[in-house]
Amino acid sequence: MASSKASFPSALSHSHSSNVLPTSQSLIPSGNWFYTTAAIVISLLVLEQTVYRYKKRHLPGSRWTIPLIGKFADSVNPTMEGYQRQWASGALSAISVFNIFIVMASTKDFARKILNSPTYAEPCLVHSAKQILLPDNWVFLTGREHVDYRRGLNALFTRKALGLYVGIQDAIARKHLTRWLAESAKDPSAKPIMMTARDMNMETSLAVFCGSYIPERAAVEISEKYWDITLALELVNFPLAIPGTKVYRAIQARKAAMQWLELAAKRSKESIAAGNPSECMLDEWLLALNDPAYKGRKEFSDREMAMVVFSFLFASQDAMSSGLIYGFQHLADHPDILKKIREEQERVRGGDPDRPMTLEMMDQMPYLRAMVRETLRVKPPVTMVPYKTTKAFPIADDYTVPSGSMVIPSFYNSLHDPSVYPDPDSFTPERWLDSESSANKNPSNYLVFGSGPHKCIGLEYAMMNIGLVLADAAMLMEWDHALTDKSDKVQIIATLFPQDGCMLKFRPRQRA
Ligand code: HEM
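An unreviewed UniProt entry annotates the protein chain as Cytochrome P450 sterol C22-desaturase originating from Hermanssonia centrifuga. Under the UniProt heading Cofactor (unreviewed entry), the entry covering the protein chain gives this text: "heme".

Right, here's the structure in full:
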């Protein structure tokens, strides 16, 4: 501020003295340049404000946008409180970040309308996502092409395929939980499970997706490097992927992962060609493609298959870890609910905690399923997904979102709507057990996995995995939550996590 006050008169005085004493310097009309530049800058600033206000019209939001950066500072360190303030300001409200005009939609009806209007709006992942996932990844397809590609991938999530995955998930979960117990035996103090849960989740995903075609050391390497990808998923990142930037590190992590995934695709093709039985998702995919009844594209390169697997890792690693961590936290904080989970487990497993889990057994665990639904509702891993308007979108009678804007539906509000979920912040699995409850009568409010053509393709898989890890944990161990003043505060690192990383200590469960 002080410097701008000082420079303005000095520029004037320079121009004045040049009239008195002509020098070679005075031949350059510096005053004109100054005024011209200033006029251009002021015009651009006025234009920026005018365009913002024209687009915003009557929507709630700042009357003026901060020149050039807008609400950039808020997007660097997003908080739930900040989002809640924004949502509370109106059903639709406006902000601008780096001149991207953004409409935030806080109600369920607007959220569903955005997600189900593919002719007006398409998902628009954060800018860094294209650099990390590669621009030709299927997740960036739109319209008919997207529908067709996705239809082919449904073969990876059939009941038969899920039946195969459940055994793999169960084995890996037990291996990790046993390791957690061993670590706790060495040092019984409470520790954050943030990273240990992420590692378990990554190993599970890679084993389900790639079976033994990917060695364990690769899973460890990918898991360690994956955190760089999570960190690069900010709304706004430094645009150039140069060494030292988050996006650069994320791209290196993707390159390392893709090498292993391409190798896995190649090995899967060899194995299926040799007539071996299916052992993972890649195999399931190839078997589906070989099925004479399968219609659609039959050939996929190793790279394409690897990109699909990578898109699944990308879509699931943070969300699944968030769901799992909050699952552990909720059960630790609600011993009555953990008790009911255990009763159901004892009954279905016939009193044998080591009995391997099957899909048929999971079908007989309605309380477990209700608990998973509820934990994901109370703390939805994905609170919103940015969409971009491909043309002017008449979202309400009195407002049209301009073409090329970002429009961001809130899932959180719909999942905390008190008219559908009475006492919405309470963790009450029972609300899902009564077919007449408002939760069950209003399935469209349950936006944990989105809605419409881009609704999560892995939702059954995700619910199954979170459920079985928590069920195995309930059978094998006791866990205590070391509450801190950050346990109930949320940090947003792509998805939601407890700010203290969920501090737990584990003990083996005494068998009856
Ligand atoms: C708790 C775990 C998960 C949550 C909360 C979650 C949530 C979501 C949400 C909100 C969307 C966007 C939906 C929309 O735009 O309407 C989405 C899309 C997607 N999810 Fe998930 N997801 C989870 C796990 C998974 C898993 C395990 C996989 C894969 C195995 C997966 C694969 C995908 C893919 C590929 C998309 C994009 C679909 C498309 O564009 O057609 N997700 N997910």
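Here the narrative resumes, following the displayed structure.
**Student:** What is the right way to read the side chain of S106 from this model?
**Tutor:** Its place among the elements puts S106 in the loop between β2 (100-105) and α5 (108-115). Residue S106 is classed as buried on the basis of its relative accessible area, which comes to 8%. Of note is the side chain of S106, whose polar atom sits 3.4 Å from the backbone oxygen of W87. At 3.0 Å, the side chain of S106 forms a polar contact with the backbone oxygen of G90. Dropping the residues within four chain positions of it, S106 is found in contact with W87, G90, A91, S410 and N413.

**Student:** So what exactly am I meant to see when it comes to the site of the ligand here?
**Tutor:** Close contacts around the ligand come from 29 residues, with H146, R150, Y387, H454 and C456 the closest. H146 is positioned such that a nitrogen or oxygen atom in its side chain is 2.7 Å from an oxygen atom of the ligand. A distance of 2.7 Å separates an oxygen atom of the ligand from a polar atom in the side chain of R150. Looking at the shell around the ligand, the elements that each hand over two or more residues are α7 (143-153), α13 (302-333) and α19 (459-476). In terms of residue count, α13 provides more of the shell around the ligand than any other element does, five residues in total. Here the shell around the ligand is composed, by residue class, of 21 nonpolar, six polar and two charged.

**Student:** Is there a simple way to think about the sheet that holds strand β9 (residues 477-481) in this case?
**Tutor:** Note: strands within a sheet are paired through backbone hydrogen bonds, in either parallel or antiparallel orientation. What the three strands build is an open sheet, ordered β4-β12-β9; its pairing is antiparallel. Two strands bound the open sheet, and with one partner strand each, they are β4 (191-192) and β9. Strand direction decides the pairing type here: β4 and strand β12 (residues 503-508), joined by two bridges, are antiparallel. Following the sheet pairing, K191 is matched in β12 by L504.

**Student:** So what exactly am I meant to see when it comes to the sheet that holds strand β5 (residues 387-389) here?
**Tutor:** An order of β1-β2-β8-β5-β3 is seen for the five strands of this open sheet, with the pairing classed as mixed. Two strands in the sheet have a free side with no partner beyond their single neighbour: β1 (92-97) and β3 (121-123). Sheet twist, expressed as the average angle between the axes of neighbouring strands with direction ignored, equals 30°. Here six bridges tie β1 to β2, and the two strands are oriented antiparallel to one another. Each residue of the ladder has a partner; that of A94, found in β2, is V103. Strands β1, β2, β3, β5 and β8 (406-409) of the sheet are contacted by α5, whose axis makes an angle of about 125° with β8.

**Student:** Would you take a moment to explain a nonpolar patch on the surface for this structure?
**Tutor:** Residues I66, L68, I69, F98 and I100 make up a contiguous nonpolar surface patch of about 450 Å² in total accessible area. With respect to the helices and strands, I69 occurs in the loop between α2 (30-56) and α3 (72-76). Taking relative accessible area as the criterion, I69 reaches 33% and is therefore assigned partly exposed.

**Student:** Can you walk me through the coordination of the iron atom of the ligand in this structure?
**Tutor:** Ideal geometry at a metal gives 109.5 degrees between four tetrahedral donors and either 90 or 180 degrees between six octahedral ones. Its sole protein donor being C456 (SG), the iron atom of the ligand sits 2.3 Å from that atom. With respect to the secondary-structure elements, C456 resides in the loop between α18 (438-441) and α19.

**Student:** Help me out: how do you make sense of unusual backbone geometry in this one?
**Tutor:** Phi at R57 takes a positive value of approximately 45°, unusual for a residue other than glycine. One can find R57 in the loop between α2 and α3. Backbone geometry at D423 places phi at a positive 55°, although glycine is not the residue there. In this fold, D423 is placed in the loop between α17 (412-415) and α18.

**Student:** Sorry, what's going on with the environment of P508 here?
**Tutor:** Secondary-structure assignment places P508 in strand β12. As a C-alpha pair, P508 and D398 span 110 residues in sequence and 60 Å in three-dimensional space. Once you skip the residues sitting within four places of it in the chain, P508 turns out to touch L181, L476, M477 and E478.

**Student:** Quick question: what am I supposed to make of the nonpolar core here?
**Tutor:** Within soluble globular proteins, side chains that are nonpolar generally end up buried alongside one another. Grouped together as the largest cluster of nonpolar side chains are 140 residues, with contacts concentrated most on F312, F328, I395 and W479. No other element matches α13, which puts 15 residues into this core. Residue contacts for F328: discarding those within four places in its chain leaves L177, W180, I193, V469, L470, A473, W479, L504 and F506. Formed by 15 residues, the second largest nonpolar core is a distinct cluster that contains V97, I102, M384 and V490.

**Student:** Sorry, what's going on with the UniProt feature "binding site: heme" (unreviewed entry) in the protein chain here?
**Tutor:** Look at the UniProt record and you will see "binding site: heme" (unreviewed entry) annotated at C456. A residue is classified by how much of its surface remains accessible, and C456, at 31% relative accessible area, is partly exposed. Residues within four places of C456 in sequence aside, it is in contact with R150 and F449.

How each quantity is defined
- Every chain is numbered on its own, with residues counted from 1 as its sequence reads.
- In keeping with the model being predicted, local features are shown solely for residues with a pLDDT of at least 70 and side-chain atom pairs are shown and tallied solely at 80 or more, while totals for entire chains, interfaces and linings include all residues.
- Excluded from the side-chain calculation are hydrogens and water; included are all heavy atoms of the structure.
- UniProt positions are given in the numbering used here, feature names are shortened, and annotations may be inferred rather than shown by experiment.
- Strands here mean DSSP runs of E at least two residues long; helices mean DSSP runs of H or I at least four residues long; both are numbered from the N terminus.
- Categorising residues by exposure relies on relative accessible area from a 1.4 Å probe, with only protein chains included: less than 20% of the type maximum marks a residue as buried, more than 50% marks it as exposed, and the intermediate range marks it as partly exposed.
- Throughout this description, a polar contact denotes any pair of N or O atoms lying within 3.5 Å of each other; where both atoms belong to protein, one of them has to be capable of donating a hydrogen while the other can accept it, and for residues adjacent in sequence the pair is counted only when both atoms sit in side chains.
- Only heavy atoms matter for contacts: two residues are in contact if any of them lie within 4.5 Å across the pair.
- Proximity is defined per residue: any heavy atom of the residue falling within 4 Å of a molecule or strand makes that residue near it.
- Residue polarity follows a fixed list, in which Ala, Val, Leu, Ile, Met, Phe, Trp, Tyr, Cys and Pro are nonpolar, Asp, Glu, Lys and Arg are charged, and the others, Gly among them, are polar.
- Only strands joined by at least two bridges in the DSSP assignment are considered to pair.
- The axes are straight lines fitted to the C-alpha atoms, using for helices just the contacting stretch, and the angles between their N-to-C directions are given from 0 to 180°.
- Patch rule: a residue counts if its relative accessible area is over 30% and it has no salt bridge; like charges are joined within 9 Å, and nonpolar side chains (Val, Leu, Ile, Met, Phe, Trp, Tyr) within 5 Å.
- Only the protein chains shown count as covering a residue, and every accessible area follows the Shrake-Rupley method with a 1.4 Å probe.
- One side-chain nitrogen of Lys or Arg within 4 Å of one carboxyl oxygen of Asp or Glu is enough to make a salt bridge.
- Note that water is not among the atoms used; donors are N, O and S atoms within 2.8 Å of the metal (3.2 Å for Na, K and Ca), so sites may look incomplete.
- In this description, a nonpolar core means a group of buried Ala, Val, Leu, Ile, Met, Phe, Trp, Tyr and Cys residues linked to one another through side-chain atoms lying within 4.5 Å.

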